[in-house]
Amino acid sequence: MACEKSALTIPEWYRSLDAYTFDTRFVKLSPEAVAALAAGADGGEKISMDSDISQAVIAELRKVMAEFPGNCFVSVDSCAPTDTERFRNKGGAVYSAKSAWYYLVESEKVAQAAAAGDVKYICVRPYRHISKAREFRLFIRDGKLRAMSQYNLIRHFRRLEGVRKRYWRLAEELVSSIGWRLPAQDVVMDIYITGKKEIIIIDFNCWGAPTDPLLLSWDADWDNVAEMHIIPAPTKISGSVKVSF
């Protein structure tokens, strides 16, 4: 089934799933502002922060960001500026409206999305530090949870061994309760499980390539993979080990 990417953008699914995700505000972008974001994708000169377009967007962002105390996390409809220095160093946390706009303009990923016509809004939510061990990707087919994967494939998280069954049940219960609200019946959903064992929806992706299946494969028998997949613990070797060169 072809993926309807427009249905997976934050402004679209937020309307029916706002109770299950971060409190979010939206800034509608003018055609000129979208064109300014897209300019970098064509090798064009990036827009000045002092331009009339930039100043107008920054003014709107300032009003919206004032609703949240502390840092904010700012993205566009279909992607976040994960390819920027700010994201690498601070996980995307921004405090000022000018910084928020600056890093959207700096992002080649955002520029490509804007050039492809996939950007209409800036999305603003409160910044929250997320434990890498509690991020997961859910694979939902025909409206049912088929599999679940550790999201950050950086190492084995020993703490997940004791909670994997509980986390699976939480995810299964969530999908069962919101299945009719999902933007598609075949979809990939990224989530975060809080310390209070509550699930927060982060994002949606199309079912199938180019979405990364992480610890699974798109060739899997999806009717028979119902479990949570995590990176296994490192293998321990005991006894005498001899190495010769």
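The structure under discussion appears in the preceding block.
What counts and how
- Residues numbered from 1 in each chain as written.
- Predicted model: local features only at pLDDT ≥ 70, side-chain atom pairs only at ≥ 80, totals over all residues.
- Heavy atoms only, no water.
- Salt bridge = Lys/Arg side-chain N within 4 Å of Asp/Glu carboxyl O.
- Helix = DSSP H or I, 4+ residues; strand = E, 2+ residues; numbered from the N terminus.
- Buried < 20%, exposed > 50% of the residue type's maximum accessible area, 1.4 Å probe, protein only.
- Pairing = 2+ DSSP bridges.
- Contact = heavy atoms within 4.5 Å.
- Axes fitted to C-alpha atoms, helices over the stretch in contact; angles between N-to-C directions.

> When you look at the pattern of salt bridges in this model, what are you seeing that I'm missing?
Should the charged atoms of two oppositely charged side chains come close, the side chains can pair. In this structure the tally under the stated criterion is 9 salt bridges. Asp 142 serves as the salt-bridge partner of Arg 146, at 3.8 Å between the closest nitrogen and oxygen. Among the salt bridges present, the one from Asp 223 reaches Arg 146, with a minimum N-O distance of 3.6 Å. One end of the pair, Asp 223, is in the loop between strand E8 (199-206) and strand E9 (228-229); the other, Arg 146, is in strand E6 (residues 144-150), with 77 residues separating them in the sequence. The class of Asp 223 is exposed, set by a relative accessible area of 56%. Salt bridges here are not isolated pairs; linked through shared partners, they connect Asp 23, Arg 25 and Glu 67.

> How should the sheet that holds E8 be read in this particular structure?
One key point about sheets: their strands pair by backbone hydrogen bonds, in either a parallel or an antiparallel sense. In space, the 5 strands of this open sheet follow the order E8-E7-E5-E6-E9, with mixed pairing throughout. Since the sheet does not close on itself, it has two edges, and those belong to E8 and E9, each with one partner. Pairing of strand E5 (residues 135-141) with strand E7 (residues 187-193) involves 6 bridges; the strand directions are antiparallel. Each bridged residue has a counterpart across the sheet, and for Phe 136 the counterpart in E7 is Ile 191. Helix-sheet contacts for helix H7 (residues 159-178) involve E5, E6, E7, E8 and E9, and the interaxial angle to E6 is about 145°.

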